[in-house]
Amino acid sequence: MATHSSRPGTGRRVASARRFALDVPDWHHPGHDRENRVLCPPVSVTTEPGSLGPQTALFEHALRLHQQDSDSPLPRDGEPYPDGDLHRFRRQRTQTRKDQRRHGVDVAAILDKHFGKADAAPSELVDAFCKANVPIHPNVHIAAAARRAHRQRIRQTGRWLVRHSPDRCSATVGLALLATDSAEEDIPLIQTIGLLSRWFGPLAAEALRRRRGGEHALLWLAQRVAGWGRVYVIETLCQQGAYASRRWLLRRACDGDFLNGYFAGRVATTAHLHEAITGTETDDDLVDHTGRLLKIMTESSGMGMTLEHYPPAPHVLAAHVARLGRQTPTPTRYVDAASIADHLADKTPQRSGCTNEQRDHLVRQYLAVLDRQDWCDAVRAGIDADNDFFAWFASNPAARLHLRAFTEMTGDDR
């Protein structure tokens, strides 16, 4: 049992799921060149009679939810999954191995036995991993088992399990097999199951990374996952480098989730935030996302890179506050800027990667913007008196910084 956590292309739609049977799939996407390839899953599926009876395949479940809103993450990451009740029962019966070095050994043994029989069909593996401890991350033992078998059979078995299995354990093993291969025609299949990203995200990201056109494929998936899945996919996207995805990473990578702290620093370094925000071609989306990245990096200790360990921090902060003053004030921009200024003022300069002089100058610059009349009016107009966050904000960052918008509301005087 596993242990845990559109911009559609122009390719031909797949009319039948028969292409995911035992023969080599024939998903072809004409018109996708190397420079502008954005692949998407098929939008129609034909259920093959008798393949799995009345049970719903995880792939089909993901695809149906995706069709409801093809540009957004699946609601609740696709949960509950079709195998929810059965999976919980099996998980209670499965004992987790204490020696993590042997994690995946039992799965590899099952695969070796299966591939040792020339006539064994992929469908025989659907319930084979019920008592196994199936890793959801790339695993050396499973990868070794895949290398011991014939490549074409690995592809066929992986494709069949991902496309047809109603059990997340066997679907995970199928995806792990595809993660050892590099066939481009499997990209839409991997993207679709990867939409169930909390469970399948790590292996889907690895499988896409290995394929030609992987950056575009990963970007497609990154735009449609949230939570832990977003962490897995964006971290992998950053490992790939950021050529085609740089613009998106600089403007959309962080969606406000607490888990963004795991990858904010990687985005800043991989996408060369310093060059972008200090350049001459900036826009509101870039400035806003820069503020979000900086705010996250003040709070991400123990998760990811902080400002203290981000060498360009003083220059990026200076560029952000300079551009902030030219923007139209909004409550969100105000809160992000005040959170950054509060961190600068409340912590030692070293915690922000600054000298004393740099830190003091930056705090004065942020306060000069935040205390402007138009910014004060904007945040007051956006305050919800019943909102717990604003009550906390007024009593903490705003109070420590003596922000004019809040001191005037309470009658206090700096």
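Thresholds, definitions, all that
- Residues numbered from 1 in each chain as written.
- Predicted model: local features only at pLDDT ≥ 70, side-chain atom pairs only at ≥ 80, totals over all residues.
- Heavy atoms only, no water.
- Helix = DSSP H or I, 4+ residues; strand = E, 2+ residues; numbered from the N terminus.
- Buried < 20%, exposed > 50% of the residue type's maximum accessible area, 1.4 Å probe, protein only.
- Areas by Shrake-Rupley, 256 points an atom, 1.4 Å probe, with all protein chains shown as cover.
- Phe/Tyr/Trp six-rings, centres within 6.5 Å; stacked < 30°, edge-to-face > 60°.
- Lys NZ or Arg CZ within 6 Å of the ring centre and 35° of its normal.
- Salt bridge = Lys/Arg side-chain N within 4 Å of Asp/Glu carboxyl O.
- Axes fitted to C-alpha atoms, helices over the stretch in contact; angles between N-to-C directions.
- Parallel < 35°, antiparallel > 145°, perpendicular 65-115°, else oblique.
- Left-handed = near helix turned anticlockwise from the far one by under 90°.
- Contact = heavy atoms within 4.5 Å.
- Nonpolar A, V, L, I, M, F, W, Y, C, P; charged D, E, K, R; others polar.
- pLDDT = per-residue confidence, 0-100.
- Core = buried A, V, L, I, M, F, W, Y, C linked by side-chain atoms within 4.5 Å.
- Polar contact = N/O pair within 3.5 Å; in protein donor to acceptor, adjacent residues only side chain to side chain.
- Disulfide = S-S within 2.5 Å.

(A) Layout of the overall build of the chain. Along the chain, the regular secondary structure elements total 21 helices and 0 strands. Within the chain, the fraction of its 414 residues that count as buried is 54%. For the chain, the exposed surface amounts to about 19100 Å²; the carbon and sulfur share of it is 48%.

(B) Representation of the packing of aromatic side chains within the structure. Inspection of every chain in the model, using the stated rule, returns 8 aromatic pairs. Plain terms: the ring middles of W228 and Y232 are 6.1 Å apart, the flat faces sit at 25° to each other, and that makes the pair stacked. Of this pair, W228 and Y232 both sit in helix α10 (residues 227-240), 4 residues apart, roughly one helical turn. Ring geometry for Y334 against F406: centres 6.3 Å apart, planes inclined by 45°, an arrangement best described as tilted. Taken together, the residues span a long stretch of sequence, with Y334 in helix α16 (residues 331-346) and F406 in helix α21 (residues 404-410) at a distance of 72 residues. As far as the burial class goes, Y334 and F406 line up, both buried. Taken together, the ring pairs connect Y334, F389, F390, W392, F393 and F406 into an aromatic cluster. Note that R168 overlies the ring of W199, its terminal NZ or CZ placed 5.0 Å from the centroid.

(C) Structural context of unusual backbone geometry. Across the junction of E79 and P80, the peptide omega takes the value 0°, indicating a cis bond. With respect to the helices, strands and loops of the structure, P80 is situated in the loop between α1 (58-68) and α2 (84-93). One non-glycine residue, R76, lies in the positive phi region at around 55°. Checked against the element boundaries, R76 lands in the loop between α1 and α2. Located in the positive-phi region is H402, a residue other than glycine, with phi close to 55°. Tracing the backbone through its elements, the reader meets H402 in the loop between α20 (397-401) and α21.

(D) Up close: the pattern of salt bridges. Considering all chains together, one arrives at 24 salt bridges under this definition. Here D283 ties to R247 by a salt bridge, and the two come within 4.0 Å at their closest N and O atoms. One end of the pair, D283, is in the loop between α13 (273-277) and α14 (284-299); the other, R247, is in helix α11 (residues 246-252), with 36 residues separating them in the sequence. Residue R247 is classed as exposed on the basis of its relative accessible area, which comes to 54%. Note that K295 and E299 form a salt bridge whose closest N and O atoms lie 3.4 Å from each other. Of this pair, K295 and E299 both sit in helix α14, 4 residues apart, roughly one helical turn. The partly exposed category is assigned to E299, whose relative accessible area is 48%. Ionic contacts of the salt-bridge type, sharing partners, join the residues R159, E185, D186 and R211 into one network.

(E) Molecular detail of the environment of R147. Among the secondary structure elements, R147 is positioned in helix α4 (residues 140-148). Classification of R147 by relative accessible area gives exposed; the value is 63%.

(F) Representation of the packing of helix α8 (residues 197-209) against α10 within the structure. Interhelical geometry of α8 versus α10 gives an angle of 15° and a closest axis separation of 7 Å. Judged by the inter-axis angle, α8 sits roughly parallel to α10. In the crossing of α8 with α10, the sense of the turn from one axis to the other is right-handed. Only G229, Y232, V233, T236, Q239 and Q240 of α10 make contact with α8, whose side of the interface consists of S197, R198, G201, P202, A205 and R209. Grouping the constituent residues of the contact of α8 with α10 by class yields 4 nonpolar, 6 polar and 2 charged.

(G) Looking closely at the confidence of the model for the chain. When pLDDT is averaged along the chain, the result is 87; 83% of the residues meet or exceed 70. Under a pLDDT of 50 for its full length, residues 1-40 has, in the predicted model, 118 contacts with residues more than four places off or in other chains. Here residues 42-53 scores under 50 on pLDDT; set against residues more than four positions off or in separate chains, the count is 29 contacts.

(H) The nonpolar core, seen in detail. Core analysis: the largest hydrophobic core is formed by 112 residues, its most contacted members being L111, Y334, Y366 and L403. Once residues lying within four places of it in the same chain are set aside, the contact partners of Y366 are L294, L317, H320, V321, L324, A337, I340, A341 and L344.

(I) Representation of the side chain of H61 in the model. If you trace the backbone, H61 turns up in helix α1. By relative accessible area, which is 14% here, H61 ends up buried. From its side chain, H61 meets the backbone oxygen of G78 in a polar contact 2.7 Å long. Other than its neighbours up to four places away in sequence, H61 contacts T56, G78, P80, Y81, P82 and L196.

(J) Layout of the state of the cysteines. Overall, the coordinates contain 0 disulfides when judged by the stated rule. Here C169 is not cross-linked by a disulfide; its sulfur's nearest cysteine counterpart is in C130, at 7.0 Å. Cysteine C238 remains unbridged, with the sulfur of C254 as its closest cysteine sulfur at 9.6 Å. Owing to a relative accessible area of 8%, C238 belongs among the buried residues under this scheme.

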